Amino acid sequence: MHTVIITILVVYLFWFYIRPWLVRYARRKMEQRVRDMFARQFGEAFGGAPYGEEPPTARQERRGKKIPSDVGEYVDFEESSSPLPPPPAVNIRAEQQVTDIDWVEID
């Protein structure tokens, strides 16, 4: 009788305490594997490391600007208060329909 009670207690503990922990652990591991595979597949295009290198970690410092501020030219924009002229009228002409030739059965 004691073994039945102990078995029920062990199953109860596993079902309510250990199983959710195992599910969370498995989900985290799967997410990590998918992220690693995605980073290896697409490389630097999506923030991952090139194939064969370690993926970047959260501890790495953020990089500075890729393009220096002295590269390129500044364009000064001006506001225009005059309205745009209306578009020119377009003359649309209907085209004739193209028809196929009559069907002829080949013997």
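Before reading further, recall that the structure is shown in the block above.
The structure displayed is predicted, hence computed values, not measured ones.

Reading the values: the criteria
- Residues numbered from 1 in each chain as written.
- Predicted model: local features only at pLDDT ≥ 70, side-chain atom pairs only at ≥ 80, totals over all residues.
- Heavy atoms only, no water.
- Helix = DSSP H or I, 4+ residues; strand = E, 2+ residues; numbered from the N terminus.
- Areas by Shrake-Rupley, 256 points an atom, 1.4 Å probe, with all protein chains shown as cover.
- Patch = residues over 30% accessible without salt bridge, like charges linked within 9 Å, V, L, I, M, F, W, Y side chains within 5 Å.
- Salt bridge = Lys/Arg side-chain N within 4 Å of Asp/Glu carboxyl O.
- Buried < 20%, exposed > 50% of the residue type's maximum accessible area, 1.4 Å probe, protein only.
- Phe/Tyr/Trp six-rings, centres within 6.5 Å; stacked < 30°, edge-to-face > 60°.
- Lys NZ or Arg CZ within 6 Å of the ring centre and 35° of its normal.
- Expected span 1.5 Å × (residues − 1).
- Bend = angle between axes of the 7 residues up to and from the residue.

Engineer: I'd like to hear about the overall build of the protein chain, residue by residue, with values.
Structural biologist: Looking only at helices and strands, the protein chain features one helix and zero strands. Surface summary for the protein chain: the accessible area is close to 12,300 Å², and the carbon and sulfur share equals 58%.

Engineer: How would you explain a nonpolar patch on the surface if you had to name every residue and give the values?
Structural biologist: A cluster of nonpolar side chains, namely L9, Y12, L13, F14, W15, F16, Y17, I18, W21, L22 and Y25, defines an oily patch on the protein surface of about 1,200 Å² accessible area. Among the secondary structure elements, F16 is positioned in helix α1 (residues 2-42). Residue F16 is classed as partly exposed on the basis of its relative accessible area of 48%.

Engineer: Give me the packing of aromatic side chains: which residues, what numbers.
Structural biologist: With the rule as written, the count across this model stands at two aromatic pairs. Aromatic pair Y12 and F16: ring centres 4.8 Å apart, planes at 50°, arrangement tilted. Here the residue Y12 and the residue F16 both occupy positions in helix α1, the gap between them amounting to four residues, near one helical turn. Accessibility expressed as a relative area gives 44% for Y12, which makes it partly exposed. Taking 5.8 Å as the distance between ring centres and 15° as the angle between the ring planes, the aromatic pair formed by W21 and Y25 counts as stacked. Here Y25 and W21 lie together in helix α1, a separation of four residues that amounts to about one turn. Directly above the ring of W15 sits R19, whose terminal nitrogen or CZ lies 4.5 Å from the centroid.

Engineer: I'd like a description of α1, backed by residues and values.
Structural biologist: In this model, α1 (41 residues) spans 58 Å end to end at C-alpha, consistent with the 60 Å of a helix rising 1.5 Å per residue. For α1, the principal kink sits at I18 and spans about 40°; a proline, P20, occurs within the next four residues.

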